[in-house]
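One-letter residues, chain by chain:
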Amino acid sequence: MRQLAVFSGKGGTGKTTLVATFTHLAGQAVAVDCDVDAANLAILLPGEDEPPRDFFAGEKAVIAADKCIGCGRCARVCRFDAIERAARTYKVLPLFCEGCHACDPACPTDAITYTPNKAGVWTRRRREGGWLIHAELGVAQDNSGKLVAHVREQARLTAREAGIDLILVDGPPGIGCPAHAAMGDLSAALIVTEPSVSGEHDLIRFLDTAARFEVHPAVVVNKWDLSPELTERIEAMCAERGVPVLGRVPFDAAVPRLLTQGRLPLEAPASPETISALRAIWERFSALD
Amino acid sequence: MRIAIASGKGGTGKTLVATSLAWWLAQRGTPVTYVDADVEEPNGHLFLHPEPVGERRVPILIPAVDASRCTHCAICQTTCAFHALLVMPTHWMIFEELCHSCGACVAACPERALSEKKVEIGTLRLGQADGLEVLTGVLDVGQARATPVIEATVASAPKERLRVVDCPPGTSCSAVASVRGADLVILVTEPTPFGLHDLELAVRMCQALDLEVAAVINRADLGDEAVREFLEEEDIPLLGTLSFDPHLAKAIAKGQLAVKASSEVRSLMSSILDYLTEEAP
């Protein structure tokens, strides 16, 4: 089974648009949205969702008010500022509780128990040519890496079951825990950047991170004509590091308009240059090993 | 006062607004610290060009085992909710990237064989630019846990100054750590279905944290009206908009500060300033 992932380091460079476009061009594929903090791939890949399923990870502490004597020992051991005084007793702020179990041994009256934590929901969407696996992390949850690992596993199971041998991964932004969870077991990876000092800076940090995970991504410069000079500088940096550049996509004001209508930039009013650049990049990316 | 500049979606213009606002306020004589809390990909320094003043490393606490006391009872392993410790008959392993530095294992060890040691995972850089203090948190490449670096960065900014915090994208732990306790959150969004979807998530996050919210729409001419309608329904003040301007995009691409390059950005800044002086808590 081949797994191709698109990352960006910097947010907003066009990652989700590229993944949706590739999924369409691939014909048969399972797409998986690993940007579980702000999942947008479903907006561009219509189909029919199965009922959503809960994703549980970790626990949250609960203080029984009738047992709490208000001594405050729990609050003193909590390192996440997740326990605060409420009148004569203490209460847990669930948004900040990490379920670490440091507080309950400190409680002299055994007032603290734990409940399983619903960290988010995920679902499978049946769509023309395959499936989309997508998820939404609960508000202020700290389990995004685990949910990324979970949706990737579901994508593998779904692909196997459906006899599809291509998975397209929409990666999370950044270089921390969710990005690490999206980097394992890939056949090839692509980073979408833009020709700006911030695009360049974030690309370098992403390449350095990927190298530690033995991932060797290729690069695409989106909106390249906004700064041909920066595009050349980024491409030269890639050449120096031995990173293949698969192409350039021009800035095209029709693209956000198409996306607003839920349409992909593979048709007019997207310019012929945009459409052919996207097709050519997919040809090259899908041929990478 | 602490103002957080956030957005669910990445690339909407958070750094543009945060750097411009901090600089604009500093030029008007306000003691301001620009705090870059997007520690995975901190970009503010690329536009503010601070002169370095100093830096320090950001440590987290990780358990350390005293071999002479450990009896391999594995109570630490069963206590750890994050599976960061593995105890075997003759040795043990500590998985630093899984540890949440909660201290539960140290408290649980009946032999007092565990203590905590510091492991550095990031850097805090302080700089000066045009009368502005610039504080940047940088997560070390390869490290997974951004939150402790974000918390250290936000906590290091002097409380007596006005702090403009440039937040990471998303709505999970990193974003929460960067907005927690802010007096006002300005959400920067764009009028596309992506922008709207992620704006809704960011608004829900701020509501759950009981934070005051306002919004700015960037590239306001490249989309539809759904974001404005959402803001009206939610009664969230719209502090201003920016239209897509290729000249500004080019200036930013080269590392120029948006507020110096565009009069539209300057008028957005004065609307934000008006709001801060008249309406804000």
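The text that follows walks through the structure, step by step, so that each part is easy to find. What you see is a predicted model; the values in this text were computed from it and never measured.

Reading guide: rules and limits
Residues numbered from 1 in each chain as written. Chains lettered and ligands numbered in written order. Predicted model: local features only at pLDDT ≥ 70, side-chain atom pairs only at ≥ 80, totals over all residues. Heavy atoms only, no water. Buried < 20%, exposed > 50% of the residue type's maximum accessible area, 1.4 Å probe, protein only. Helix = DSSP H or I, 4+ residues; strand = E, 2+ residues; numbered from the N terminus. Pairing = 2+ DSSP bridges. Contact = heavy atoms within 4.5 Å. Salt bridge = Lys/Arg side-chain N within 4 Å of Asp/Glu carboxyl O. Axes fitted to C-alpha atoms, helices over the stretch in contact; angles between N-to-C directions. Parallel < 35°, antiparallel > 145°, perpendicular 65-115°, else oblique. Nonpolar A, V, L, I, M, F, W, Y, C, P; charged D, E, K, R; others polar. Buried area = accessible area lost by both parts, 1.4 Å probe. Core = buried A, V, L, I, M, F, W, Y, C linked by side-chain atoms within 4.5 Å. Domains from an automatic or database assignment.

1. Some thoughts on helix α5 (residues 147–156) of chain B
- Of all ten residues in α5 of chain B, seven are buried, a share of seventy percent or more.
- Looking only at α5 of chain B, the buried set comprises Thr147, Pro148, Val149, Ile150, Ala152, Thr153 and Val154 of chain B.

2. Section: the pairing of strand β7 (residues 112–127) of chain A
All names here are of chain A.
- Two elements, strand β3 (residues 48–49) and β7, share two bridges in a ladder whose sense is antiparallel. Looking across to β7, one finds that Asp49 is bridged to Arg125.
- Bridge count for strand β4 (residues 53–63) against β7 is nine bridges, and the pairing is antiparallel. Paired with Asp54 across the bridge in β7 is Val121.
- Here β7 runs beside strand β8 (residues 130–137); their pairing, made up of eight bridges, is antiparallel. The residue bridging Arg124 from the neighbouring strand is Ile133, located in β8.
- In this antiparallel pair of consecutive strands, β7 and β8, the connection spans two residues, and Gly129 shows a positive phi of 90°.

3. Considerations on the side chain of Thr171 of chain B
- Relative to the helices and strands, Thr171 of chain B is located in the loop between β8 (162–166) and α6 (173–179).
- Judged by relative accessible area, which is 4%, Thr171 of chain B ranks as buried.
- With near-sequence residues (within four places) excluded, Thr171 of chain B lies in contact with Asp37, Val139, Ala140 and Gln141 of chain A together with Val176, Leu201, Ala202 and Met205 of chain B.

4. Regarding the pattern of salt bridges
Residues and elements named next belong to chain A.
- What the rule picks out here adds up to 28 salt bridges over all chains.
- When the shortest N-O distance is used, the salt bridge between Glu84 and Lys91 registers 3.9 Å.
- When its relative accessible area of 35% is taken as the criterion, Glu84 is described as partly exposed.
- Between Arg233 and Glu200 there is a salt bridge, with the nearest N and O atoms lying 2.7 Å from each other. Of this pair, Arg233 sits in helix α7 (residues 228–241) while Glu200 sits in helix α6 (residues 197–212), placing them 33 residues apart in sequence.
- Glu200 sits in the buried class, given a relative accessible area of 13%.

5. A closer look at the packing of helix α1 (residues 15–26) of chain A against helix α9 (residues 272–287) of chain A
Residue and element names in this part refer to chain A.
- Between α1 and α9, the shortest axis-to-axis distance is 10 Å and the interhelical angle comes to 75°. Considered as vectors, α1 and α9 are oriented roughly perpendicular to each other. Residues Leu18, Thr21, Phe22, Leu25 and Ala26 of α1 form the contact with α9, whose own contacting residues are Leu278, Arg279, Ile281, Trp282 and Phe285.
- Residue classes in the contact of α1 with α9 are distributed as eight nonpolar, one polar and one charged.

6. So, the interface of chain A and chain B
- The interface of chain A with chain B comprises 57 residues on the first partner and 57 residues on the second.
- Summed over both sides, the interface between chain A and chain B buries roughly 4,400 Å², with carbon and sulfur atoms accounting for 61% of that surface.
- In terms of surface lost to chain B, no three residues of chain A exceed Asp37, Arg79 and Arg205 of chain A, which account for 13% of the buried area on that side.
- Between the two partners, chain A and chain B, sit two salt bridges.
- Between Arg79 of chain A and Glu116 of chain B there is a salt bridge, with its nearest N and O atoms 2.7 Å apart.
- Those elements giving two or more residues to the side of chain A that touches chain B turn out to be α1, α2 (41–44), β8, α5 (177–183), α6, α7 and α8 (254–260) of chain A.
- Sort the elements by how many residues they give to the side of chain A that touches chain B and α6 of chain A lands first, with eight residues.
- When its residues are assigned to classes, the side of chain A that touches chain B shows 24 nonpolar, 19 polar and 14 charged.

7. A few points about the nonpolar core
- Ranked by internal contacts, the top residues of the largest apolar core, which has 77 residues, are Ile63, Ile83 and Ile112 of chain A together with Val179, Val185, Leu187 and Leu231 of chain B.
- With six residues, the top contributor of residues to this core is helix α7 (residues 193–208) of chain B.
- Here this core spans two domains, since at least three of its residues come from each of domain 1 (2–58 + 122–279) and domain 2 (67–112) of chain B.
- The residues contacting Val179 of chain B, other than those within four sequence positions of it, are Arg2, Ala4, Ala6, Cys167, Val185, Met205, Leu209 and Leu211 of chain B.

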